[in-house]
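The chain contents come next:
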Amino acid sequence: MRRAAAAVLCAILLVATAAPWIASNPPDLPFGDRAFAPPMRVHLHDTDGWHAPFVYRQRLVNRIDRTYVEDHTARVPLRWWTNGRLVSIDPGAGPLLWCGADALGRDLCARLVYGARLSLGVAVLGACGALLLGALLGAVAGSSGGRLDTLITTVADFVLVLPIVYLVIVLRATRPLVISPAEAFWLMTILFAFVAWPDVARGVRSIVATERTRDYAAAVRALGAGRWRVMTHLLPAAYGFLRIEFVLLIPALLAAESTLSFVGFGFGGATPSWGGLLKDGEALTAMYAAPWLLLPAAALFVVVLALQTVAGARAGVAGSVVDTTAPRR
Amino acid sequence: MTPSRMFRLALVIALVVAAVIFSRRCGAPQSEADAVPQNGGTLVATYRTEPTHFNRLVEARPMARLTALLTQATLLRVDPNTGALVPRLATEWTGTPDGLTWTVTLRRGICFSDGTAFTASDVLFTFQAIYDERVKSPLALDMRAKGQSFQLRAIDDHHIVLTFPSPFGQGLAILDSVPILPRHKLQAALDAGTFRDAWSASANLSDMAGLGPFMLQAYAPAQHLRFVRNPHFWRTDATGQKLPYLDELEVQIVPEQNAELLRLQSGTSDLTNGGARAEDLAMLRDAETAGRVTLVDVGPAIDVSTLWFNLTPGSKAVADKPWLAQEAFRRAISHAVNRQAIVDTVHLGAAAVVYGPVSPGHGDWFVPDLGATPFDLARARTLLTSLGLQDRNGDGVLDDASNRPVEFSLLTQSGHTERERTSTLVGEQLRQVGIKVNVVPMDQRVVQARYASGDYEGIYYGAQANSKDPTGSRAFWLSNGPMHFWNPNQPTAGSEWEGRIDALMLQLAETMDHAERKRQFTEAQQLLADHVPALWFAAPHVSVPMSMRVGGATPTVIQPPVLWNAEELFVLGPRR
């Protein structure tokens, strides 16, 4: 199971990396008469018999009801490795929409694939930053105790109670009105790490504070190990917790990315991101008449499930920390 | 089976079928057509904004207007569907031939909701409050002719004389926007200079009184406002039945449009804040077919979203990008935008192409094809080239004489799907002629703050219109108006054509003859189209959804579309 999950994660990574070749259309190009167009079906067979994979051209029947039908008058064969695209069709037959189109008639599949690059990148790096910062500060607080512990815990509590949205608005005001996707990427990554570290630190601190009272920790200290050396022996006890935190942070940060766009901190409407796509899919209409707009949620579910499977398998049981009572070498 | 058993069986089946039909008829709302208004019941409406004040004289926001509509009454009303003047607190009015002096007869024997008699002194007090400098009433600007206040005096308790200091085009229709407030409740606050604080959102509701159909009984912040029947309300229907029909009207505060729609669909609310989005129409039509909601098309909207640039002299936008201030640049954009594509994609066809702020919803004020700039990329490119904007480095983006790319930021309201999508689509369309648009969706308050401080290059946004008459949007047309988007609050008109529009709008305010008013307004529209200070693309068709329980509704394009005649609404059946 763990291997399958790891394979899924690798596949997602590969698809995101190879987005320009995999996407059949540019992600920001709106196609007229394709607003809310449903996914196109691939056919192998028609009344004339079996054929190489083909699709039918979509025809808009009712604009306000967003009714599309397949035009069965002609087959449109899939073309492989043409114009630098893995799969495409003759441009005269309209766009190839594997996953349908969004409200502006843009290729949802292309936006999903391109969006994975930015969104997963921000979420993974932000989560890693939060884990690094939280683990370091939590371990220092838990292993040293005393005033340093109080100071770090107080700072963590302070960050936790900060009204983050207002903080973001203030931070946004210090930047130019238009920020490039690259700048938005790094700003968001830093912001996520800053906002998410206190939860991690508090958890790690509790684990480390408990661990330092155990015999093996006393033995390390008795052998003359310094504070940092002791900490390196205590911190592995928090690995399970950190893995689960990582898995939980990813979807939270992906959702946060869409929230930030409300205050002008996101990637902007034309730049595809999973957070932005999720925002498009939260409309009631999406659930009712255009369920393909919920595909980003499905993709997010797959990523989280795969991450949890991998992390859970490594932690022994998903959702638990390592058994701290087990004998140690 | 014997005949007698067959007969018994048939009888049982018939009885069961009859019982089912009977129970369904009892449970289902009666149809509007055959409905007789019944007293009693509660309707639930949803509204997206929180009230900040309950006094319309000091607050112009939609919620203050709604509260005034429900709890206060005006001397007369302009019927939003017919435009006719309808008696309210005034029963009749007679004017001098020059239209300057009007003798208004007030309704006798009526009381405020606290039982205090209504007299002419309340009318005089209301105007005293409007003109009081300390009150800073948003109504004060409109209640002047050539800058002079209207003169009012009471002949007796039930007659007043209203004198316009100079010809006033809107005439008595202006009184539709003035709720008459209780002197006995607010005179002390006005004298003490605390009128602005009275009836604020945190005020004691028992201190409020009004002549409207309802009384505000409870306000729970971020939850709801509960209005109950005013037992002293003076209106009756054609059969002599006392109005309002409803016992109670609850206005729930639901900031999110999807949640608002869900409540309507699930039957927990009966009315929404306004029109439905184009993308929701298919779903609402299905719900209408299933008998859950009713959908009324009230025609094209009168508040059309606008794209404008910051053309304030000395602004950073103009200093950095002087081509923004060039008419040819804005005209090129107008030619480069495919308005029909916006109608088809953003509004799914449920909109009309417009080239100015006046839409077909404004009735005969609208002049078809005035200022039309057809979609023409070649023409757009020619205009841009004439400004010296060319792609000098082959990156697909035009460059100005200093080799800086021709790009601008466009702020828009995040969460407002129509504005976000139109901005994105316009950005994509302008890319075809080499203009780079950086669309920045932001919180509504941030957009408003940036507009107020002048810290922006372009904005795609809009303001709510409360009247079809052009004098109702003077804040937009006049160069000293706060909503003269591209260059607001000018001390004196900054250009000759803006000065001409100012003069035309002031003339229009003083002109009584409709044909002449129309000629003046058409000239103002033509001037606007000639100088392209801003751009308009599409006026959406407004479809108002309601639950099947709502009777007596006559929706209109003006806000609030259904609650404007709340006293005549009644309940058609039980809640599902």
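What counts, and at which threshold
- Residues numbered from 1 in each chain as written.
- Chains lettered and ligands numbered in written order.
- Predicted model: local features only at pLDDT ≥ 70, side-chain atom pairs only at ≥ 80, totals over all residues.
- Heavy atoms only, no water.
- Contact = heavy atoms within 4.5 Å.
- Buried area = accessible area lost by both parts, 1.4 Å probe.
- Salt bridge = Lys/Arg side-chain N within 4 Å of Asp/Glu carboxyl O.
- Nonpolar A, V, L, I, M, F, W, Y, C, P; charged D, E, K, R; others polar.
- Domains from an automatic or database assignment.
- Polar contact = N/O pair within 3.5 Å; in protein donor to acceptor, adjacent residues only side chain to side chain.
- Buried < 20%, exposed > 50% of the residue type's maximum accessible area, 1.4 Å probe, protein only.
- Helix = DSSP H or I, 4+ residues; strand = E, 2+ residues; numbered from the N terminus.
- Pairing = 2+ DSSP bridges.
- Axes fitted to C-alpha atoms, helices over the stretch in contact; angles between N-to-C directions.
- Left-handed = near helix turned anticlockwise from the far one by under 90°.
- pLDDT = per-residue confidence, 0-100.

> What's the story with the interface of chain A and chain B in this structure? I'm lost.
By a widespread convention, an interface's size corresponds to the accessible area lost as its parts come together. Across the boundary between the two partners, chain A contributes 26 residues, which contact 34 residues of chain B. Of the roughly 2800 Å² buried at the junction of chain A and chain B (both faces included), carbon and sulfur atoms supply 62%. If you look at where chain A meets chain B, you find 3 salt bridges. The salt bridge partner of Asp-28 of chain A is Arg-431 of chain B, with a shortest N-O separation of 3.1 Å. Each residue belonging to the side of chain A that touches chain B can be placed in one class, and the counts come to 14 nonpolar, 4 polar and 8 charged.

> Where do I start with the domain arrangement of chain B in this structure?
All names here are of chain B. With domains assigned, chain B is organised as domain 1 (42–48 + 201–300 + 549–571), domain 2 (73–192) and domain 3 (306–540). For domain 2 and domain 3, the distance between their C-alpha centroids amounts to 37 Å. Every contact between the two is made by 11 residues of domain 2 and, on the other side, 10 residues of domain 3. Looking at the side of domain 2 facing domain 3, the largest losses of area belong to Pro-167, Gly-169 and Gln-170, adding up to 50% of the total buried there. For the pair domain 2 and domain 3, the interface holds 1 salt bridge. The partner of Arg-474 in a salt bridge is Asp-142, and the shortest N-O contact between them spans 3.5 Å. Linking domain 2 with domain 3 are 3 residue pairs in polar contact (both at pLDDT 80 or more).

> Looking at this structure, how should I read the pairing of strand E16 (residues 407–413) of chain B?
Side-chain positions along a regular strand alternate between the two faces of the sheet. All names here are of chain B. Judged by how many residues are buried, E16 sits mostly within the fold: 7 of 7 residues are covered. The two faces of E16 match: Glu-407, Ser-409, Leu-411 and Gln-413 on one face and Phe-408, Leu-410 and Thr-412 on the other face are all buried. Pairing of E16 with strand E17 (residues 436–442) involves 7 bridges; the strand directions are parallel. Bridge pairing links Leu-410 to Val-439 in E17.

> Can you walk me through the pattern of salt bridges in this structure?
Scanning the entire structure with this criterion turns up 35 salt bridges over all chains. Here Arg-63 of chain A and Asp-33 of chain A are joined by a salt bridge, their closest N and O atoms 2.9 Å apart. Taken together, the residues span a long stretch of sequence, with Arg-63 of chain A in the loop between strand E2 (49–62) and strand E3 (67–77) and Asp-33 of chain A in the loop between helix H2 (19–22) and strand E1 (43–46) at a distance of 30 residues. Take Asp-33 of chain A: its relative accessible area is 36%, and that puts it in the partly exposed class. The residue Asp-247 of chain B makes a salt bridge to Arg-229 of chain B at a minimum N-O spacing of 2.6 Å. Of this pair, Asp-247 of chain B sits in the loop between strand E11 (224–229) and strand E12 (248–253) while Arg-229 of chain B sits in strand E11; the two residues are 18 residues apart in sequence, bridging distant segments of the chain. Since its relative accessible area comes to 24%, Arg-229 of chain B is described here as partly exposed. Where salt bridges share partners, they join Arg-88, Arg-235, Glu-567 and Glu-568 of chain B into one cluster.

> Got a minute to help me understand the pairing of strand E1 (residues 42–47) of chain B in this structure?
Residue and element names in this part refer to chain B. Most of E1 is tucked away: 5 of the 6 residues are buried. When E1 meets E12, the two strands line up parallel, connected through 6 bridges. Following the sheet pairing, Thr-42 is matched in E12 by Glu-248.

> How do you make sense of the packing of helix H3 (residues 120–131) of chain B against helix H4 (residues 183–192) of chain B when you look at a structure like this?
A pair of packed helices is characterised by two quantities: the angle between their axes and the separation of those axes. Residue and element names in this part refer to chain B. Running from N to C, H3 and H4 cross one another at 30°; their axes reach a closest spacing of 10 Å. Viewed along their axes, H3 and H4 form a crossing whose handedness is left-handed. The segment H3 lies against H4, with Ser-121, Asp-122, Phe-125, Gln-128 and Ala-129 engaging Arg-183, His-184, Leu-186, Gln-187 and Leu-190. When its residues are assigned to classes, the contact of H3 with H4 shows 4 nonpolar, 4 polar and 2 charged.

> What am I meant to see in H4 of chain B here?
Each turn of an α-helix holds 3.6 residues, which means side chains three or four residues apart point in the same direction. Residues and elements named next belong to chain B. Every buried residue of H4 is listed here: Leu-186, Gln-187, Ala-189 and Leu-190. Contact partners of the buried residues in H4: H3. Just downstream of H4, Gly-193 is the residue with a positive phi angle, here 75°.

> Where do I start with the domain arrangement of chain A in this structure?
Annotation of chain A at the domain level lists domain 1 (41–96) and domain 2 (108–314). Averaged C-alpha coordinates put domain 1 of chain A and domain 2 of chain A at centres separated by 42 Å.

> Is there a simple way to think about the environment of Gln-170 of chain B in this case?
Residues and elements named next belong to chain B. With respect to the helices and strands, the residue Gln-170 is situated in the loop between strand E9 (159–163) and H4. Using a relative accessible area of 19% as the deciding quantity, one classes Gln-170 as buried. Sequence separation between Gln-170 and Leu-508 is 338 residues, and the spatial gap between their C-alpha atoms is 8.7 Å. If near-sequence neighbours (up to four positions away) are discounted, Gln-170 is found in contact with Asp-469, Thr-471, Ala-509 and Arg-517.

> Just to check I follow, could you spell out the sheet that holds E1 of chain B for this structure?
Strand pairing in a sheet relies on backbone hydrogen bonds, with the paired strands running either antiparallel or parallel. All names here are of chain B. Sheet architecture is open: 4 strands sit in the order E1-E12-E11-E10, paired in mixed fashion. If you trace the sheet from one side to the other, it starts and ends with E1 and strand E10 (214–220), each paired once. Neighbour to neighbour, the strand axes of the sheet diverge by 20° on average, direction disregarded. Of the pairings in the sheet, the one linking E10 to E11 comprises 6 bridges and is antiparallel in character. Across the sheet, residue Met-215 finds its bridge partner in E11, namely Val-228.

> Honestly, the confidence of the model for chain A in this entry has me stumped. Any pointers?
Keep in mind that low pLDDT regions are not for reading the predicted coordinates in detail. For chain A, per-residue confidence averages 86 on the pLDDT scale, and 92% of positions sit at 70 or higher. Ignoring residues within four places in sequence, the model shows residues 317–329 of chain A, a span with pLDDT below 50, making 21 contacts including any to other chains.

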